[in-house]
Amino acid sequence: MGVVGPNGAGKSTLLKLIAGIYNFERGTIRVAGRVAPLIELGVGFRPDLPAPDNILLNGVMMGLTPAEARRRTDEILDFAELRDHVSLKLKNYSSGMRGRLGFSVMIHVDADILLIDEILSVGDKAFRQKCGDVISQLRRNGQTVVLVSHEMGSITRHCDRAMLLQNHRVKILGDAEAVANRYHELHAIRQIEMFDGPLDEDYRAPATITELATPGADRSLEPGEPLVIEATVEVGQPLTDPGVRLIVHDMSGRPLYVTPFEPLAEGWPTEVGSTYRVRAKIQNRLAAGAYRLSCRVAEQLEEADREPLRSPAKWLQFAVEGESDLISVVDLHSEVEVKPLEAGIAVK
Amino acid sequence: MSGLAQEAAQLPGLAPGAGQARPVPELRPVDGPSALGTSTRRFWNLLWLTSLTDFRLRYLHTSLGYVWTLLRPLLFFGIIFLFIRQILGFGDQVKNYAPMLMLNIILFQYFQETTNQGLRCLPGREALVRKMRFPRLVIPLSISLTGVLTLTANLVVGMVLVLIFGVEPTWTWVLLPLAVAWLILVATGVEVLLAASFVRFRDVAQGWTVLARILFYGTPILYPIEVVDGALRNVVLANPLSPVFLQVRKWITDPAAPSFVEAAPSALLAVVPILLTIAVSATGLWFFIREAPGVGESL
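Let me begin by describing the structure that accompanies this report. (Residues numbered from 1 in each chain as written. Chains lettered and ligands numbered in written order. Predicted model: local features only at pLDDT ≥ 70, side-chain atom pairs only at ≥ 80, totals over all residues. Heavy atoms only, no water.)

**Regarding the overall build of chain B**
The helix and strand inventory of chain B stands at 15 helices and one strand. Scored against the burial criterion, the 299 residues of chain B give a buried share of 52%. By sequence separation, contacts in chain B at least 24 residues apart represent 78% of the contacts at least 6 residues apart. Of the roughly 14200 Å² of accessible surface on chain B, 67% is carried by carbon and sulfur atoms. (Helix = DSSP H or I, 4+ residues; strand = E, 2+ residues; numbered from the N terminus. Buried < 20%, exposed > 50% of the residue type's maximum accessible area, 1.4 Å probe, protein only. Contact = heavy atoms within 4.5 Å. Areas by Shrake-Rupley, 256 points an atom, 1.4 Å probe, with all protein chains shown as cover.)

**Notes on the overall build of chain A**
Scanning chain A for helices and strands turns up seven helices and 18 strands. Residues classed as buried in chain A amount to 49% of the 348 residues present. Intrachain contacts of chain A at a sequence separation of at least 6 include 67% that bridge at least 24 residues.

**Quick word on the sheet that holds strand 8 (residues 207-213) of chain A**
In sheet architecture, strand pairing relies on hydrogen bonds along the backbone and comes in two forms, parallel and antiparallel. Residues and elements named next belong to chain A. Here we have three strands laid out as an open sheet, ordered 8-10-14, and antiparallel in their pairing. In the strand order of this sheet, the two ends are held by strand 8 and strand 14 (275-282), each with one partner. Taking the axes of each pair of neighbouring strands and ignoring which way they run, one obtains an average angle of 25° across the sheet. With six bridges joining them, strand 8 and strand 10 (residues 227-235) adopt antiparallel strand pairing. Considered in strand 10, the bridge of A207 is made with V235. (Pairing = 2+ DSSP bridges. Axes fitted to C-alpha atoms, helices over the stretch in contact; angles between N-to-C directions.)

**Concerning the interface of chain A and chain B**
Contact residues are listed per partner, giving 50 residues for chain A and 49 residues for chain B. Along the contact surface separating chain A from chain B lie two salt bridges. Linking chain A with chain B are 10 residue pairs in polar contact (both at pLDDT 80 or more). Of all elements in the fold, only helix 1 (11-19), strand 2 (30-32), helix 2 (51-61), helix 3 (66-79) and helix 5 (125-140) of chain A reach the threshold of two or more residues within the side of chain A that touches chain B. By residue number, the principal contributor to the side of chain A that touches chain B is helix 5 of chain A, which donates seven residues. Partitioning the side of chain A that touches chain B into residue classes produces 24 nonpolar, 12 polar and 14 charged. As judged from the three bridges shared by strand 2 of chain A and strand 1 (residues 27-29) of chain B, these two strands associate in the antiparallel manner. Bridge pairing links V31 of chain A to R28 of chain B in strand 1 of chain B. (Salt bridge = Lys/Arg side-chain N within 4 Å of Asp/Glu carboxyl O. Polar contact = N/O pair within 3.5 Å; in protein donor to acceptor, adjacent residues only side chain to side chain. Nonpolar A, V, L, I, M, F, W, Y, C, P; charged D, E, K, R; others polar.)

**Focus: the environment of Q206 of chain B**
Residue and element names in this part refer to chain B. As for its position among the elements, Q206 is in helix 10 (residues 204-217). By relative accessible area, Q206 is classed as exposed at 58%. Sequence separation between Q206 and L71 is 135 residues, and the spatial gap between their C-alpha atoms is 28 Å.

**Things to note about the pairing of strand 11 (residues 242-249) of chain A**
Residue and element names in this part refer to chain A. The buried fraction of strand 11 amounts to seven of the eight residues, a majority that puts the element mostly inside the structure. Here eight bridges tie strand 11 to strand 15 (residues 289-299), and the two strands are oriented antiparallel to one another. If you follow H249 over to strand 15, its bridge partner there is R292. Pairing of strand 11 with strand 13 (residues 262-263), which is carried by two bridges, proceeds in the antiparallel orientation. The residue bridging G243 from the neighbouring strand is P263, located in strand 13.

**Digging into helix 5 (residues 97-119) of chain B**
For helix 5 of chain B, built from 23 residues, the straight-helix expectation of 33 Å at 1.5 Å per residue is met to within 8% by its first-to-last C-alpha distance of 33 Å. Of all 23 residues in helix 5 of chain B, 20 are buried; the element is thus mostly enclosed. (Expected span 1.5 Å × (residues − 1).)

**With respect to helix 4 (residues 95-107) of chain A**
Residue and element names in this part refer to chain A. Between the first and last C-alpha of helix 4 there are 19 Å, a value that for 13 residues agrees with the 18 Å anticipated at 1.5 Å per step. With 10 of 13 residues buried, helix 4 is to be regarded as a mostly interior element. The complete set of buried residues in helix 4 reads M97, G99, R100, L101, G102, F103, S104, V105, M106 and I107.

**Section: the packing of aromatic side chains**
Residue and element names in this part refer to chain B. Applying the stated criterion across every chain, the model contains 11 aromatic pairs over all chains. Through a chain of ring-to-ring contacts, three or more aromatic side chains come together here, namely F108, F111, W208, F216 and Y217. One cation-aromatic arrangement involves R202 over F198; the distance from NZ or CZ to the ring centre is 4.9 Å. (Phe/Tyr/Trp six-rings, centres within 6.5 Å; stacked < 30°, edge-to-face > 60°. Lys NZ or Arg CZ within 6 Å of the ring centre and 35° of its normal.)

**Brief notes about the sheet that holds strand 4 (residues 113-117) of chain A**
All names here are of chain A. Ordered in space as 3-4-5-1-6-7, the six strands form an open sheet in which the pairing is mixed. At either end of the open sheet lies a strand with only one pairing partner, and these are strand 3 (35-38) and strand 7 (169-175). Put simply, the sheet's adjacent strands are angled 15° from each other on average, direction ignored. Alignment of strand 3 against strand 4, held across four bridges, turns out to be parallel. Note that in strand 4 the partner of L38 across the bridge is I116. Seen against the sheet, helix 1 touches strand 1 (2-4), strand 3, strand 4, strand 5 (144-148) and strand 6 (161-166) and runs at an angle of roughly 150° to strand 4.

**Some points on a nonpolar patch on the surface**
A contiguous nonpolar patch, built from L64, V67, W68, L71 and L75 of chain B and spanning about 420 Å² of accessible area, is present on the exposed surface. Tracing the sequence through the fold places L71 of chain B in helix 4 (residues 66-88). (Patch = residues over 30% accessible without salt bridge, like charges linked within 9 Å, V, L, I, M, F, W, Y side chains within 5 Å.)

**Focus: the nonpolar core**
Formed by 74 residues in total, the largest nonpolar core has its most connected members in L101, F103, M106, I107 and I116 of chain A together with L122 and F288 of chain B. Of all hydrophobic cores here, the second largest spans 60 residues; its members include I80, Y110, M159 and A205 of chain B. (Core = buried A, V, L, I, M, F, W, Y, C linked by side-chain atoms within 4.5 Å.)

**Focus: the packing of helix 5 of chain B against helix 10 of chain B**
Residues and elements named next belong to chain B. Direction vectors running N to C along helix 5 and helix 10 enclose 175°, while the axes themselves pass 11 Å from each other. If you check the angle between helix 5 and helix 10, you find them roughly antiparallel. Along its contact with helix 5, which presents F108, F111, T115, N116 and L119, the element helix 10 presents V204, A205, W208, A212, L215 and F216. Taken together, the residues of the contact of helix 5 with helix 10 break down into nine nonpolar, two polar and no charged. (Parallel < 35°, antiparallel > 145°, perpendicular 65-115°, else oblique.)

**Quick notes on the pattern of salt bridges**
Under the criterion given, the structure shown has 19 salt bridges over all chains. R72 of chain B is paired through a salt bridge with E113 of chain B; the nearest N and O atoms lie 2.9 Å apart. Taken together, the positions of R72 of chain B in helix 4 and E113 of chain B in helix 5 put the pair 41 residues apart, joining distant regions of the chain. Residues joined in a network through salt bridges with shared partners are R46 of chain A together with D54 and R125 of chain B.

Structure below.
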């Protein structure tokens, strides 16, 4: 279960309420089974003590008996890859090492429900990968993970369902990808507000991508199979020289490929309410894996006397599945020629 | 599957297929945070573990370690002893004055440290209170229990010194734990009350500095009760800490000294410190239990 929303929406508070850390005045919260909260990595650790003492203390706080905590110390140390640093005091650990220890304790306390707040965004890449693998494993085991994150990549990868919180209320609750999309839209609107001031209740986006889909609704491609996209755009405000742009991202949101702007108008009307059909075909030179595609409309202003209007982006997730020879993320189609030369080697 | 994922799969709790055996637990309402929690066993486990850890931490990291905890009351005792004997002069008239003063200072030091540390214990552990779920009464109680561990060690050495001072052992020495238990009750009651009050009213810290000083002089620690007369004597006798020090003197260093009942002009006045002790401890506990659920938000 993913929980997303802007800062101050109430995500961490929700976790603390479920964990029984904060008090509530009205309503009821019901949980099935033991809850292990990981609101912050390393809470309750004593910096002057080495790992085994901290495992004992933290384990008991999370609900183990002292005997259970002692029995699991070795396993916890092994998983955290800290066996070589057993006698080191925690204050001499790096933040990544402390994080690994905290995470390792949490997954070893037999909790039915794990509440994880933002921790997947800390630590090094290997640790994040490890957390991700464990979460997938927990899911397969039927344990519940409630994940608060600002990274929509984590949400769509790890969650079946998600909720979007805004101003302390559940804005939407449902399919993780739909929630992630709505979050991106809201994020875009907030960016607009940063430039143009607060928007009215009846605010209309400059344009809305009402639909973004792959024909046949199959989101998995063979390696090399082109990505075909269909989108519907509705103009929401009078736009000067609007264009549409598609971006392929990796799962952490980094753009891998950006299409050139394709003008919407060129003689067609761009009045408010007019709609356009966008059809795109993108060569698939991607390795097997999961990717995201975003689509947005923006003005192409020649003279920048004002900020160009931009529509919120709409997102779609797709996967490339199957065997491929590619050992990198993308295939840039290079041509390398090697020829013998008298005094050396030339590469053209 | 990545190497790390394989590793994850090797964990007993995480092995694939463990899911099938996992019974679906019953849906139960979440109890919010509280002073006592829901499991007595977990409460004691946490309390004992935290106290022992704190005890070890406090004495592990100084080069003289435990020696300091004993040296401090003994040095304090030495200074006071010299001054009182020279200036006030009543040291000579009291039987075994030196060992009495030493034990008194060891005992009062526990009271002072427990209440002073307890006062700010909740803001001091803010991260824990706001990010972990555990019975909140454990925090002040562990401070008191850590103090008790130190006190026990100090008293063992203190009693050896009492023998070296040449005090004749009597059977009443075995009653010392009773007096100590009373002291623990008063100290912990006051501490818990202070801890909960401080979150709501920060002025408590200033008030307590003054009150603790008054308590020190209003308790027969430096002086024997006989030197106090009239109304002031009644005030000293009503003090919940006084019976502890009167009984320790009678049981350990001077069997002829008055007990707290004998020192009181009437039986009624002898009951006052008992009632006050019960009242303070009960109020402290009640107030803490009442305040505990909201402490996370008010810090």
